[in-house]
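Geometric and topological summary
Spelled out, the chains give:
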Amino acid sequence: MAPAPASPDSAVKQRIVIENCAIATVDADDTEYASGHLVVADNVIESLGAGKAPEGLANVVRRIDATGHLVTPGLINTHHHFYQWITRGLATDHNLFNWLVALYPTWARIDAEMLTAATHGSLGMMVKGGVTTASDHHYVFPQGSGDLVGAELAAVADIGARITLARGSMDRSEKDGGLPPDFAVETTEGALIGTEEAIEAHHDASFGSMVHIAAAPCSPFSISTELLREGAALARRKGVRMHTHGSETVEEEKFCHELFGMGPTDYFESTGWLGEDVWMAHCVHMNDSDIAAFARTKTGVAHCPSSNARLAAGIARVPDMLAAGVPVGLGVDGTASNESGELHTELRNALLINRLGAHREAALNARKALRLGTYGGAQVLGRTGEIGSLEPGKLADLVLWKLDGLGHSSIADPVTALVFGPAAPVTLSLVDGKPVVEDNHLTNIDEDAIARSTRAEAQRLARIAAEG
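Nothing here was measured: the structure is a model prediction, and the numbers come from that model.

Criteria and cut-off values
- Residues numbered from 1 in each chain as written.
- Predicted model: local features only at pLDDT ≥ 70, side-chain atom pairs only at ≥ 80, totals over all residues.
- Heavy atoms only, no water.
- Axes fitted to C-alpha atoms, helices over the stretch in contact; angles between N-to-C directions.
- Helix = DSSP H or I, 4+ residues; strand = E, 2+ residues; numbered from the N terminus.
- Parallel < 35°, antiparallel > 145°, perpendicular 65-115°, else oblique.
- Left-handed = near helix turned anticlockwise from the far one by under 90°.
- Contact = heavy atoms within 4.5 Å.
- Nonpolar A, V, L, I, M, F, W, Y, C, P; charged D, E, K, R; others polar.
- Buried < 20%, exposed > 50% of the residue type's maximum accessible area, 1.4 Å probe, protein only.
- Disulfide = S-S within 2.5 Å.
- Core = buried A, V, L, I, M, F, W, Y, C linked by side-chain atoms within 4.5 Å.
- Expected span 1.5 Å × (residues − 1).
- Polar contact = N/O pair within 3.5 Å; in protein donor to acceptor, adjacent residues only side chain to side chain.
- Pairing = 2+ DSSP bridges.
- Right-handed = clockwise from strand over helix to strand, strands pointing away.
- UniProt positions renumbered as here; feature names shortened; annotations may be inferred.
- pLDDT = per-residue confidence, 0-100.
- Phe/Tyr/Trp six-rings, centres within 6.5 Å; stacked < 30°, edge-to-face > 60°.
- Lys NZ or Arg CZ within 6 Å of the ring centre and 35° of its normal.
- Salt bridge = Lys/Arg side-chain N within 4 Å of Asp/Glu carboxyl O.

**Some words on the packing of helix α4 (residues 188-202) against helix α5 (residues 225-238)**
- Between α4 and α5, whose axes approach to 10 Å, the crossing angle comes to 20°. Judged by the angle between their axes, α4 and α5 are roughly parallel. α4 and α5 meet at a crossing whose hand is right-handed. Residues Thr 188, Ala 191, Leu 192, Thr 195, Glu 196, Ile 199 and Glu 200 of α4 form the contact with α5, whose participating residues are Glu 226, Leu 227, Glu 230, Gly 231, Leu 234, Arg 237 and Lys 238.
- Its residues placed into classes, the contact of α4 with α5 shows five nonpolar, three polar and six charged.

**Some points on unusual backbone geometry**
- Positive phi, close to 65°, is recorded for Asn 20, a residue that is not glycine.
- Located in the positive-phi region is Ser 247, a residue other than glycine, with phi close to 50°.
- Accessibility expressed as a relative area gives 3% for Ser 247, which makes it buried.

**Some details on the state of the cysteines**
- Per the counting criterion, the structure on display carries zero disulfides.
- Among the cysteines around Cys 218, which has no disulfide bond, Cys 256 carries the closest sulfur, lying 13 Å off.
- Of all cysteine sulfurs in the structure, the one in Cys 283 sits closest to Cys 304, which takes part in no disulfide; the separation is 9.3 Å.

**Considerations on the nonpolar core**
- In this structure, Trp 99, Trp 107, Leu 123 and Met 321 are the most contacted members of the largest nonpolar core, which totals 111 residues.
- When near neighbours in sequence (up to four residues on either side) are disregarded, Trp 107 contacts Tyr 83, Gln 84, Thr 87, Trp 99, Leu 100, Tyr 139, Val 140, Pro 142 and Ala 336.
- Within the second largest apolar cluster, 17 residues are counted, among which are Ile 23, Leu 48, Ala 396 and Leu 400.

**Focus: the side chain of Ser 122**
- Mapped onto the fold, Ser 122 is located in helix α2 (residues 112-128).
- Judged by its relative accessible area of 0%, Ser 122 falls in the buried class.
- Look past the residues within four positions of Ser 122 in its chain and what remains in contact with it is His 80, Phe 82, Trp 85, Thr 335 and Gly 341.

**As for helix α3 (residues 148-159)**
- If you check α3, its first and last C-alpha atoms are 17 Å apart, about what twelve residues at 1.5 Å a residue would give, namely 16 Å.
- Of all the residues in α3, the buried ones are Leu 148, Val 149, Ala 151, Glu 152, Leu 153, Ala 155, Val 156 and Ile 159.
- Near the N-terminus of α3, the side chain that reaches the backbone nitrogen of Gly 150, with its oxygen 2.9 Å away, is that of Asp 147.
- Backbone geometry just downstream of α3 places Gly 160 in the positive-phi region, at approximately 105°.

**Quick look at the packing of α2 against helix α14 (residues 447-467)**
- Direction vectors running N to C along α2 and α14 enclose 135°, while the axes themselves pass 9 Å from each other. The orientation of α2 with respect to α14, classified from their angle, is oblique. α2 and α14 meet at a crossing whose hand is left-handed. Contacts from Glu 113, Met 114, Ala 117, His 120, Gly 121 and Lys 128 in α2 reach Glu 447, Ile 450, Ser 453, Thr 454, Glu 457, Arg 460, Leu 461 and Ile 464 in α14.
- Tallied by class, residues from the contact of α2 with α14 come to five nonpolar, four polar and five charged.

**Some words on the pairing of strand β9 (residues 211-217)**
- The element β9 is largely enclosed, with a buried count of seven among its seven residues.
- Relative to β9, strand β8 (residues 162-169) runs parallel, the two being bridged by seven bridges. Of the residues in β9, the one forming a bridge with Ala 166 is Ala 214.
- Of the crossover connections in this fold, the one passing from β8 over α4 to the parallel β9 is right-handed.

**Examining the UniProt feature "domain: Amidohydrolase-related" (unreviewed entry) in the protein**
- The residues that UniProt annotates with the feature "domain: Amidohydrolase-related" (unreviewed entry) are residues 70-434.
- End C-alpha to end C-alpha, residues 70-434 measures 18 Å, and it is 40% helix and 16% strand.

**Here's the deal with the confidence of the model for the protein**
- Within the protein, residue pLDDT values average 95, and 98% of them lie at 70 or more.
- Here helix α6 (residues 250-260) stands out as the element of the protein with the lowest mean pLDDT, 90, in contrast to strand β5 (residues 69-73), whose mean of 99 is the highest.
- Counting interchain partners and residues more than four positions distant, the pLDDT-below-50 stretch residues 1-7 has 18 contacts.

**Remarks on the packing of aromatic side chains**
- In the structure shown here, the tally under the stated rule is nine aromatic pairs.
- Where Phe 260 meets Tyr 267, the ring centres are 3.8 Å apart and the plane angle is 5°; that geometry is what we call stacked. One exposure class covers both Phe 260 and Tyr 267, and it is buried.
- With a centroid separation of 6.2 Å and 40° between ring planes, the pair formed by Tyr 267 and Phe 268 is classed as tilted.
- Its relative accessible area of 1% is what places Phe 268 among the buried residues.
- Following the ring pairs from residue to residue traces out a cluster consisting of Phe 97, Phe 221, Phe 255, Phe 260, Tyr 267 and Phe 268.
- Positioned above the aromatic ring of Trp 85 is the side chain of Arg 88, whose terminal nitrogen or guanidinium carbon lies 3.7 Å from the ring centre.
- A cation sits over an aromatic face here: Arg 167 above Phe 141, 3.7 Å from the ring centre.

**Things to note about the environment of Ile 193**
- Within the secondary structure, Ile 193 sits in helix α4.
- By relative accessible area, Ile 193 is classed as partly exposed at 40%.
- Linking Ile 193 and Met 170, residues 23 residues apart in sequence, is a C-alpha distance of 13 Å.

**Brief notes about the pattern of salt bridges**
- Throughout the structure, instances matching the rule amount to 25 salt bridges.
- Here Glu 438 makes a salt bridge to Arg 62, at a shortest N to O gap of 2.6 Å. Of this pair, Glu 438 sits in strand β16 (residues 434-438) while Arg 62 is found in strand β4 (residues 60-65), placing the two residues 376 residues apart along the sequence.
- Linking Lys 402 and Asp 404 is a salt bridge whose minimum nitrogen-to-oxygen distance equals 2.7 Å.
- Taking relative accessible area as the criterion, Lys 402 reaches 32% and is therefore assigned partly exposed.
- Owing to a relative accessible area of 39%, Asp 404 belongs among the partly exposed residues under this scheme.
- Linked through salt bridges whose partners overlap, the residues forming this network are Arg 162, Asp 397, Asp 432 and Lys 434.

Here's what the structure looks like:
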């Protein structure tokens, strides 16, 4: 999708001018400016470059002296489970399968009010930390729980971020050899109908859209082969992207061999689940053949280093994936397996954890990590023509990071300071040209109110789960 042209001067309603800042564009040439400017015209980037902004700009409603700051594209989270915000801190010493078995009975009691609070908490935390676009994989739809897709999207709108809501599903329960309890899954037909209804009601493919819907059966150990195949056919008929979990653990590898007679990647390919319209979360246990298949088909990966470590899943071969040409973005994953819940941690941990692997210090550097969290995420979500880099004509989704304070002021290189240093305060974050964070606080919703509601809903869910 090509970027929309910048607005002609006579049509611009308002401009925001940011000056005297370092800029990391994350464009194709990794262009950077030690001291530069950026001009936003309504909801798009009009211009950027070295030095001061052009003189005589009309309709300037805000001019920011950003001395001591770095401007980057907004961070893009490519995998999450918002509902898990209200089940943080549980099953902290479990591997993936045991963790799922421990928590599925609780998750299966979620309702629309709980999901509203959890979305406010999950997305609010990420947006405070520089995320401007997030993907949420929601796959728990208990009977009688209300309009969960509508509740989540309304809560996202309260925050003001862009969203790719991956409408998930599960139809393989314990009685069929899966992991979820029987009462936690949908029928195959019900899952497909629910996915199609979400697409028809909410997916907006236009330039600058705030809402995309993806088809997203959950994982090989909670879905039938029929749901995978039919879900792929549905997604391609509707022209939306496809998302699932893949190759997360050695237990999953064993499960696929026992049930299907092949590994996860071969199984996914046999069901139509490799392609440039597909991205998968985790992809930790990938051999050379798997990586080659992903590269050949341009299947994307959501790399979730903190969650992979929390659940002892392993170290994904991200440097090898990138070298092969696999699109890779970063994901927080659900906050029941990554309690910090913000993407800056993933910039840092992607770099550090991958240096523990075979490539050691050559695995990733600060700029490659930033690219994973910005342009890589746009690749994975199919939105490189709109977001992921700072270029004229692209959407004004950007973050102004304060780097002259105690935590960063002695690191000369701003990108190194951002990635290697502590979480940087966000002075300003724009989504579609509108502020969603000012001076490290959310602008559209009360953070203390979020804290109160998430605490109350977490306690209510725990009581309901305890009552069985």
